[in-house]
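Here is what each chain is made of, one letter per residue.
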Amino acid sequence: QVQLVESGGGLVQAGGSLRLSCAASGLTFSTSAMGWFRQAPGKERRFVAAITWSGAATSYADSFEGRFTISRDNAKNTVFLQMNSLKPEDTAVYYCAASRSRYLDRKQAGFDYWGQGTQVTVSS
């Protein structure tokens, strides 16, 4: 049974930083592309960032490139999302996702497994 458990969310002031983690189990993590998505209140879930199985390539939605960094540690079966210069509009539930593919995808349909999400709230 695949499990993705996100952590690291919370309340932060605008301009601050958070580092989200997602611990994976029940899948061959080192051959799985990983991604982060987010869903703001009243809005659809949208792509944030993705990383290939090896970490050699990453992809970001335009809104986040330069502020957010995705990385992974295959020895620990964990993917991270470092978020800097946070803004109130970054307030959302952030979801970790895993793919059975090794390669980048920006679409939700490209991911097979999802975590429960972690709340990030940015105050102004």
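To be clear, the structure that these remarks concern was listed above.
Our subject in this report is the structure included herewith. What you see is a predicted model, and the numbers here were worked out from it, not measured in a lab. (Residues numbered from 1 in each chain as written. Predicted model: local features only at pLDDT ≥ 70, side-chain atom pairs only at ≥ 80, totals over all residues. Heavy atoms only, no water.)

1. Quick word on the state of the cysteines
Here comes step 1: All chains considered together, the criterion is met by 1 disulfide.
Here comes step 2: Two residues share a disulfide in this structure: C22 and C96, whose sulfurs sit 2.1 Å from each other. Disulfide C22 to C96: torsion about the S-S bond roughly -75 degrees, handedness left-handed. One end of the pair, C22, is in strand β3 (residues 18–25); the other, C96, is in strand β9 (residues 92–98), and 74 residues separate them in sequence.
Here comes step 3: Overall, the relative accessible area of 0% leaves C22 in the buried class. (Disulfide = S-S within 2.5 Å. Helix = DSSP H or I, 4+ residues; strand = E, 2+ residues; numbered from the N terminus. Buried < 20%, exposed > 50% of the residue type's maximum accessible area, 1.4 Å probe, protein only.)

2. A word on the pairing of β3
Here comes step 1: Two elements, strand β1 (residues 3–7) and β3, share 5 bridges in a ladder whose sense is antiparallel. Paired with Q3 across the bridge in β3 is S25.
Here comes step 2: As paired strands, β3 and strand β8 (residues 78–83) are joined by 6 bridges and run antiparallel to one another. The partner of R19 across the bridge, within β8, is Q82. (Pairing = 2+ DSSP bridges.)

3. A closer look at the packing of aromatic side chains
Here comes step 1: Following the criterion strictly, the structure yields 5 aromatic pairs and no others.
Here comes step 2: Consider the rings of F37 and F47, whose centres lie 5.6 Å apart with planes at 75 degrees: the pair is edge-to-face. Taken together, the residues F37 in strand β4 (residues 34–39) and F47 in strand β5 (residues 46–51) connect sequence positions 10 residues apart.
Here comes step 3: On the accessibility criterion, F47 (9% relative accessible area) is buried.
Here comes step 4: Taking 5.1 Å as the distance between ring centres and 10 degrees as the angle between the ring planes, the aromatic pair formed by F64 and F68 counts as stacked. In terms of burial, F64 and F68 fall into one category: buried. (Phe/Tyr/Trp six-rings, centres within 6.5 Å; stacked < 30°, edge-to-face > 60°.)

4. Topic: the sheet that holds strand β7 (residues 68–73)
Consider a sheet: its strands pair through backbone hydrogen bonds, and that pairing is either parallel or antiparallel.
Here comes step 1: On the basis of which strands lie adjacent, the open sheet formed by 4 strands has the order β1-β3-β8-β7 and antiparallel pairing. Bordering the open sheet on either side are β1 and β7, each of which pairs with just one other strand. Between one strand and the next, the sheet's axes are offset by a mean angle of 15 degrees, whatever the strand orientation.
Here comes step 2: Both β7 and β8 contribute to a ladder of 6 bridges, which runs antiparallel. By the bridge assignment, I70 is partnered in β8 with L81. (Axes fitted to C-alpha atoms, helices over the stretch in contact; angles between N-to-C directions.)

5. Let's talk about the nonpolar core
Here comes step 1: Counting residues in each nonpolar core, the largest one holds 34 residues, and the members touching the most others are M34, W36, V79, L81, M83 and Y94.
Here comes step 2: Taken together, the elements giving at least two residues each to this core come down to β3, β4, β5, β7, β8, β9 and β11 (118–123). (Core = buried A, V, L, I, M, F, W, Y, C linked by side-chain atoms within 4.5 Å.)

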